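Working through the structure, step by step
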Amino acid sequence: MLVARRLVSTFIQRGNNSGPSGLFSRPHGAFPELEPRYLQCTCCWRSRVPVAGFETMNANLIPTAPCTDDLSLDTCFTADQREVILRTLNNATELELAGVKLLRGRKSVNIVDYRTKNGPFRSLESVVNVPLLKHKSALVVFNSILNPLKKEKKVKVQLMKFIKPEVDRAWLEEATSIVSIICGTNKVAWAHVDRGMMVLDWQQLDCPNFLKGTYIASSYLNDISNVVSQLPPADFYLVEKPSISLQNTTLFPIMAHMRSVEAMLFALLEPKIYQTDSNTPPRVLNMMRLAVGRHFGLMVGESRTSGAQAVRQMMTESVTQKLPRLNFPQDLLLKYRNAFQMGRGRGGEELCDALLQAVAFYELLSESSR
């Protein structure tokens, strides 16, 4: 870094000389005079290196002195920067805060809890009172708020990557409603959502014969038939296609269970006319679990985390926003308002996944048609 500073200083001195050998030397009258600007020191983002005629990559971060632990966080940023940071910390939801660097997980929850109990943050220094947030981590968070990472949006999503079997897009786009179905180890959940993103039905049913001792096909069939009898009519039924690795032999019983339930659902829901008429679209489709997880940012490596937080956010937005991502009727909001709170275990995962799969279907279908 010191060598780089000396080189830049040397180039500037040469450029200021009238001789022809300077880096910024030019014929008289060819270019306007260069105005001194500054590059930032990448070690601390505070120190400034003068460079003639060059703007910084981002003018938001040009403090005036090295930011060390003994300095107040408020002195490390300008008034405008402090206003942006505090506005974000005081107004962002838990899900929005989780998108900031270092705030995913417990830290975003702690920020919301702290401002709920103590009121809005009035200074940057007060942020270090939040559990798990210290001086250095707070600096990273603040800089991430000022300079968020821009995620490149995929231009087009291919239908074949999330829907099986392959279906003509026109059939899917003409659908007025779908039923999203998730098969668990002891229950089946479904969500009925129309094209206007209104939740029409959302529930789950216990299946007492699933994975209970020796596999008996007739017992499974009774449970699945009971589920099918309660499913609402829709244009398409989306059955989740789980991603279970064949290399993990301990999961063979679960995989066999999922395949059995999936096959029975296809057999009971698919009209016979589809098997004889090629002009009739399939009524039952598989939707890839990994595609839904990636759409909602739930993937950690090849594993998918809980979608309860995303569902809570959509339920909240249904009440607080004029144009929410998803609309819930009042009775369903009251029924499930406390079902997906933190610390309540994972009892509602099938319900969450059924809803997320329905939302992902409509949104991915829209993205793939652009």
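Refer to the structure above for everything that follows.
Source: prediction; values computed, not measured. (Residues numbered from 1 in each chain as written. Predicted model: local features only at pLDDT ≥ 70, side-chain atom pairs only at ≥ 80, totals over all residues. Heavy atoms only, no water.)

1. Points about the overall build of the chain
Assigned secondary structure in the chain consists of 13 helices and 10 strands. Here the contacts in the chain between residues at least 6 apart in sequence split such that 61% fall between residues at least 24 apart. Looking at the chain as shown, the accessible area adds up to about 21400 Å², and 54% of this sits on carbon and sulfur atoms. (Helix = DSSP H or I, 4+ residues; strand = E, 2+ residues; numbered from the N terminus. Contact = heavy atoms within 4.5 Å. Areas by Shrake-Rupley, 256 points an atom, 1.4 Å probe, with all protein chains shown as cover.)

2. A short note on the layout of surface pockets
Taken as a whole, the second largest pocket holds about 570 Å³ of empty space. Lining the second largest pocket are 22 residues, and of these Pro-242, Ser-243, Ile-244, Met-258 and Arg-289 sit closest to its centre. Mapped onto the lining of the second largest pocket, the elements with two or more residues apiece are β4 (177–183), α8 (252–269), α10 (289–295), β10 (303–304) and α13 (349–368). Taken together, the residues of the lining of the second largest pocket break down into nine nonpolar, five polar and eight charged. (1 Å grid on protein atoms, 1.4 Å probe; cavity = no way out; pocket = protein on both sides within 12 Å on 5 of 7 lines; lining within 4 Å. Points joined across faces, edges and corners; volume = space filled by probe spheres on them. Nonpolar A, V, L, I, M, F, W, Y, C, P; charged D, E, K, R; others polar.)

3. Observations regarding the pairing of strand β6 (residues 199–206)
Inspection of the sheet shows strand β5 (residues 187–194) paired to β6 by seven bridges, in the antiparallel sense. Paired with Ala-189 across the bridge in β6 is Gln-204. Counted between consecutive antiparallel strands, the loop separating β5 from β6 contains four residues, among which Met-197 sits at a positive phi close to 60 degrees. (Pairing = 2+ DSSP bridges.)

4. Quick word on α13
Relative to the 28 Å expected for 20 residues at 1.5 Å per residue, α13 spans 27 Å between its end C-alpha atoms, a close match to the ideal helical length. For α13, the buried fraction is high: 19 of the 20 residues fall into the buried class. (Expected span 1.5 Å × (residues − 1). Buried < 20%, exposed > 50% of the residue type's maximum accessible area, 1.4 Å probe, protein only.)

5. A few points about the environment of Glu-363
With respect to the element layout, Glu-363 can be found in helix α13. Residue class for Glu-363 comes out buried when judged on its relative accessible area of 19%. Setting aside chain neighbours within four positions, we find Glu-363 in contact with His-295 and Arg-325.

6. What about the packing of aromatic side chains?
With the rule as written, the count across this model stands at nine aromatic pairs. Both rings, one in Trp-202 and one in Tyr-336, keep their centres 4.6 Å apart while their planes meet at 55 degrees; by these two values the pair is tilted. Of this pair, Trp-202 sits in strand β6 while Tyr-336 sits in helix α12 (residues 330–336); the two residues are 134 residues apart in sequence, bridging distant segments of the chain. We classify Tyr-336 as buried; its relative accessible area is 7%. What links up through ring pairs into an aromatic cluster is the set Trp-202, Phe-328, Tyr-336 and Phe-340. (Phe/Tyr/Trp six-rings, centres within 6.5 Å; stacked < 30°, edge-to-face > 60°.)

7. A short note on the packing of helix α2 (residues 79–91) against helix α5 (residues 135–146)
In helix packing, the relevant descriptors are the interaxial angle and the interaxial distance, both defined with respect to the helix axes. Two numbers describe how α2 lies on α5: the axes approach to 10 Å, and their chain directions differ by 95 degrees. In terms of orientation, α2 and α5 fall into the roughly perpendicular class. Contact with α2, carried on its side by Gln-81, Val-84, Ile-85, Thr-88 and Leu-89, involves Phe-142, Ile-145 and Leu-146 of α5 and no other residues of that element. When grouped by side-chain class, the residues that make up the contact of α2 with α5 number six nonpolar, two polar and no charged. (Axes fitted to C-alpha atoms, helices over the stretch in contact; angles between N-to-C directions. Parallel < 35°, antiparallel > 145°, perpendicular 65-115°, else oblique.)

8. Describing the nonpolar core
Nonpolar side chains in soluble globular proteins tend to end up buried together. With 45 residues, the main nonpolar core has Trp-202, Met-287, Leu-326, Phe-328, Phe-340 and Phe-361 as its most contacted residues. The element best represented in this core is α13, accounting for 12 residues. Residues within four places of Met-287 in sequence aside, it is in contact with Phe-162, Ile-163, Leu-238, Val-239, Glu-240, Lys-241, Val-292, Gln-357, Ala-360, Phe-361 and Leu-364. Within the second largest apolar cluster, 24 residues are counted, among which are Leu-73, Ile-111, Val-127 and Ile-145. (Core = buried A, V, L, I, M, F, W, Y, C linked by side-chain atoms within 4.5 Å.)

9. Digging into the pattern of salt bridges
Throughout the structure, instances matching the rule amount to eight salt bridges. In this structure, the salt-bridge partner of Arg-87 is Glu-83, at a minimum N-O distance of 3.3 Å. A residue pair is termed a helical-turn pair when its members lie 3 or 4 positions apart in one helix, as Arg-87 and Glu-83 do in helix α2 at four residues. Exposure remark for Glu-83: the relative accessible area of 47% places this residue in the partly exposed category. Each of Glu-240, Arg-289, Arg-304 and Asp-353 takes part in one network of salt bridges that share partners. (Salt bridge = Lys/Arg side-chain N within 4 Å of Asp/Glu carboxyl O.)

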